[in-house]
Amino acid sequence: MTYLNKQLQIIYLKLILSYKKTLCNFNATLSTLTHSPPVPQVPSATMPVSLLWAVDVYGRVYSLSTAGQQWEQCRDAQMEFKRVTAAQQCCWGIACDNNIYLNVHASDLPVRYQEETYENQRWNPVDGFSDRLLPSDRWQLSDVTGLQHQPLDNFRLPSSSWEWEGDWYVDENFEGEPTEKEGWSYAIDFPATYTKDKKWNSCVRRRRWLRYRRYKAMDTWAKIPSQQTTLPDPFSDISCGGWEINEEPRGRLSLWAVSLQGKVWFRRGVNSHNPCGSGWISMVGEMIMINVGLNDQVLAIGSEDRAVYFRQGVTSSELSGKTWKVISVPRDGDRSHSSASAHSLQSAGCYFCGEVRAQSLVSDVESDTEKGSTDGASCIITSSSPESFVDAPTEHSDQPIETPKSRIPKVTSDSFISELVSDRGPGKTSREVRSAGPAVLEEETIPLEGEVKAPDVGVSLSPSQSVGPLDPQWSNVDLEEAQGQQAQTGAVVDTADTSSLSSVATFTLAMEDPYGVDEHPMWAWVSGGGCSVDSHTQLNWFNCSMNTSSMVQSVQSMSLSVTPAQTAAWRKQIFEQLSERTKREMDNFRHYEQAIEQSVWVKKGTMQWWRDWKPHKWIDVHFALEQFSGPEGNKDGILFIYYNFYEEKKYLHAFVNEVTILVPVLNDSKHSFAIYTPERTKQRWPIRLSAATELEMHDWLALLSVSCCDSRGIQGPPSKQAIWSITCKGDIFVSEPSLSLEAMPYPTPCDQMFWRQVGGHLRVVECNSIGIVWGIGYDHTAWVYTGGYGGGFFQGLASSTDNIYTQVDVKNVYIYENQRWNPVTGYTNRGLPTDRYMWSDASGLHECTKTNMKPPSPHWTWVSDWTIDYSVSGGTDKEGWQYAADFPASYHGHKTMKDFVRRRRWARKCKLTTTGPWQEVPPIPLSDVTILPCAAQSSVDVVPLWAISNKGDVLCRLGVTALTPAGSSWLHVGTDQPFKSISIGAASQVWAIARDGSAFYRGSVSSQSPAGDCWYHIPSPSKQKLKQVSVGRTSVYTVDENGNLWYRQGVTPSYPQGSSWEHISNNVRKVSAGPLDQVWIIADKVQGSHSLSCGTVCHRLGVQPLEPKGQSWDYGIGGGWDHITVRGNSMEPPRVHLPSLTERTPLPVRNTEINSSAVGC
């Protein structure tokens, strides 16, 4: 009966699936016949491809791609594995030889590690500079501190997985400037401040030697070399994580392992530059398993008490933590001897590992013996080969019994693979394999009285199995079981109840299963640490690809047989009938007059308004939006703010068609937003309103945004020519440029541009005129624009229904701990009355403590604790302190006799989750990106796109087109030092800025050679360090760290490097040069009639071919802006022909600066 019921269930499920599929085909056919063909859309970027790793019971490692539909075996030198733990960029595993192996995924960006050493020399009157140093000096070849001896021939490759890229060479750059003689930098003594120029008192000098090594063992299992002293016992468990820990760069991993004797080990130095790590560190405590989370969570199970432990003190500066703390909480009920409890332990078995104690095994055997008659499913699996469960026939005895369902043998995960394959010779089949170790149940099992023994199958049946049908059971692949204890008891061990906490649950195999092991692998371990699945993307894993012939025939028999000719005729007939009906109904009511010529509706609410006059404060007001539509369908509206002034009722109004931007201003205490008009933009004083709740504020913002777009006739996604900008809070805005925006001599004023918000959160955005838009988040994640609009708080008609995805961004919040020195107690938090707060922001003007510091806005949530930040400009000491003579001053990382104050920076990570038309481009984090600014009618098929990773590597994206804006792969471009800014011009001229402030030009970049051939060093302006570059059609602009804007003179097609730098303006934060050589900047310290604003969008006026530097600045929206790009606006402005020069009307002086030396101030 059990077998027949099983078959009936299978047939019933197949009929249901067949019916559902037929119904879907029928609906799709109707949809095709009754609807017009869909408009082709630009395909959006696909979900990042990642891998799910698993190990079967034979130790074979498989990977399943999120873009694939089948498991792919890792074929590597006949190796069998017991454990795997995966990250996004690599996978670790424990093989059957008890060694740890690493598989690094191949990527477009090579894994390179920079080795460096410093050559030190001292001057003496006889030899000049030589390697004859004083006894108290540092080594002749040392590290940067001079404390470690590092000769060139002492550097060795860590393992055979590495190879040298080249020989040692001298770094001839010093802080962005080329050195005069062989890379030497000079100083008075060791250690001191070095300069590239030799002075009369320069008594010592040094230079840096560099050599790169490359990791070559990609997509293969490489053995991790052991330490100088062999480890005491082999490993039994391994886990990696920690790639989202606070302040850790992407690529840093936290790897933990446990040995067979319970010893805990931590692998130090594992990162993207050195994926193998540098060595093992022994930890205190004995554990049987360990698990590492994404952040700083390290959990383990104790070897003695089997309690769950948490590792305390894991921070970015101390990844190994400090101590173990037991998690002691009550359980939801004590049902350890019930069947439900046993199955719960089996379900959670994949989270535990280790050995089963002898006493616990005896107690389990006894309890199983007592209840063997009631479970009805007790059996002992004695075969060591799973294939025998399917193929081997069962002998029939005299007693009528039901055919038992086969089970997976109980084997240990530490030894089962080696036991299974140790006796597997070339001439042996899997049926001939027998267990030889004590950890696996032997095949020769003495049957109990009343049992039926099947020698070929190796299954011992208890009498209770003949009673009633057999339900599907979960059997376990145990990590370790004691065979001796089971032999002493002589009892039948129930596989459902004798599993320890260290087991993996697998479903029983049916006797009628026609598939072999290769089609249905039996898994022993799985790791999803490197598998990232987007909730908006449909995986192909669950699509049934094994349809039976009966299902196919049933679908074919039930489907509609419609020919293409019939389809076309049917569609034409339906369209004709609909057209006739529409015409008939319209003619019947054509003689009626229009009922309503104009509609008006009003939305009212109570809000707070930041009043315009002093003293400025929030006052309660009534806010109303009155919107009306005319007979032609045009819409407009008016905003009213009703307030009381000395008991007199007054109001403030603004026309909707005059509103230029709506900016959300979220903080801890108010849910406010700002409304700008051209006049308010000139004053730098917007209308600022505050709602009672965040939801109410979002409702008003969405409503006002739709009203503003309706009044201007703007709908749908941004155009390809749109100008993109980002505020300092990460909000994204776009503006549709008019034809006269760059017209001469009367361009459209910059403060009259209308900006609308797009969902998402970014730090940098770049675009071009064929619709390719890339962005970079605060966590250096790259995003590509999908062609939608809306997202975030925009809902309904204000947002597109497709191409909207979830976006996550992470940033750090910093506070400073300040101390002053006094002769009695040294450095303390007791400062002078005139000092800054002892806990403050970077300026010291605002008090910021660990307790009162909140995330930037209610949208952000804390995801880590406060930790000391050691990556501060100027360096720190071992405790993170920076020293200076007084507040504020120039800080340095070492203490001197003149330093009376010190500070250190604390960081805390927060996360924001939103939605928008953006999709992630994995896997390399970026810090800058640039796209070729194409012409309006460009016919470029593949668009060059360059980027810089957060490590400073220069990358070139291949396969970027209008249909595939995300591209296909990265091409690494070699550099001698890390870069921080890059830009490509309309003629494929590539300029870049290194992290030391120097400029470089890439030669011979073309469509045939997209990466060019070499870098040319361009001297920086005198005593300035550059930080950003932007290249237009023929012009090159840069911004230095002091906010100065520079123009490169002498740039011609024959000499693209140019000749010299010319200063254009100051107080500049960012610059963007467009495809028409138009120049836009983000400026600081722009003076308005009410206030001084920082972060203002400014447009350069008077830019012409004969005057590429322009004449003056036109001020637009601001402040609070951080980034702008006009590289998509390639619309040629209309040319205005004036009668004569004498009749030209002078350009009215608006909010501009005619001289070219300063912006604002």
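Scroll up to find the structure.
Residues numbered from 1 in each chain as written. Predicted model: local features only at pLDDT ≥ 70, side-chain atom pairs only at ≥ 80, totals over all residues. Heavy atoms only, no water.

Considering the packing of aromatic side chains
Right, on to step 1. Under the counting rule described, the total for this entry stands at 35 aromatic pairs.
Right, on to step 2. Within the aromatic cluster, the residues linked to one another by ring pairs are Trp609, Trp613, Tyr643, Phe645 and Tyr646.
Right, on to step 3. Here arginine 112 stacks its cationic end above the ring of tyrosine 212, 4.1 Å away from the centre of that ring.
Right, on to step 4. Above the ring of tryptophan 860, the side-chain terminus of lysine 811 is found at 5.4 Å from the ring centroid. (Phe/Tyr/Trp six-rings, centres within 6.5 Å; stacked < 30°, edge-to-face > 60°. Lys NZ or Arg CZ within 6 Å of the ring centre and 35° of its normal.)

Some remarks on the pattern of salt bridges
Right, on to step 1. Counted under the stated rule, the structure contains 25 salt bridges.
Right, on to step 2. Between arginine 208 and glutamate 116 there is a salt bridge, with the nearest N and O atoms lying 3.0 Å from each other. One end of the pair, arginine 208, is in strand 15 (residues 204–215); the other, glutamate 116, is in strand 7 (residues 112–124), with 92 residues separating them in the sequence.
Right, on to step 3. With a relative accessible area of 26%, glutamate 116 lands in the partly exposed category. (Salt bridge = Lys/Arg side-chain N within 4 Å of Asp/Glu carboxyl O. Helix = DSSP H or I, 4+ residues; strand = E, 2+ residues; numbered from the N terminus. Buried < 20%, exposed > 50% of the residue type's maximum accessible area, 1.4 Å probe, protein only.)

Remarks on helix 11 (residues 694–712)
Right, on to step 1. Its 19 residues give helix 11 an end-to-end C-alpha distance of 27 Å, which sits within 8% of 27 Å, the value for a rise of 1.5 Å per residue.
Right, on to step 2. Residues Met697, His698, Trp700, Leu701, Ala702, Leu704, Ser705, Ser707, Cys708, Cys709 and Ser711 constitute the buried set of helix 11. (Expected span 1.5 Å × (residues − 1).)

Section: the sheet that holds strand 37 (residues 723–727)
Right, on to step 1. Spatially, the four strands line up as an open sheet ordered 39-38-37-69, and their pairing is antiparallel. Two strands close off the open sheet at either side, each with one partner strand: strand 39 (755–758) and strand 69 (1121–1125). For this sheet, the mean angle separating the axes of adjacent strands, direction not counted, is 30°.
Right, on to step 2. Of the strand pairs in this sheet, strand 38 (residues 732–735) and strand 39 are connected by four bridges, and their pairing is antiparallel. Counterpart to phenylalanine 733 in the pairing with strand 39 is glutamine 757. (Pairing = 2+ DSSP bridges. Axes fitted to C-alpha atoms, helices over the stretch in contact; angles between N-to-C directions.)

Some remarks on the environment of serine 239
Right, on to step 1. Note that serine 239 resides in strand 17 (residues 235–241).
Right, on to step 2. Sequence-wise, serine 239 and glycine 93 are 146 residues apart; in three dimensions their C-alpha atoms are separated by 9.0 Å.
Right, on to step 3. Contact partners of serine 239, with chain neighbours within four places excluded, come to Thr85, Ser254, Leu255, Trp256, Ile290, Asn291 and Val292.
Right, on to step 4. Among the polar contacts made by the side chain of serine 239, one reaches the main-chain amide nitrogen of valine 292 at a distance of 2.9 Å. (Contact = heavy atoms within 4.5 Å. Polar contact = N/O pair within 3.5 Å; in protein donor to acceptor, adjacent residues only side chain to side chain.)

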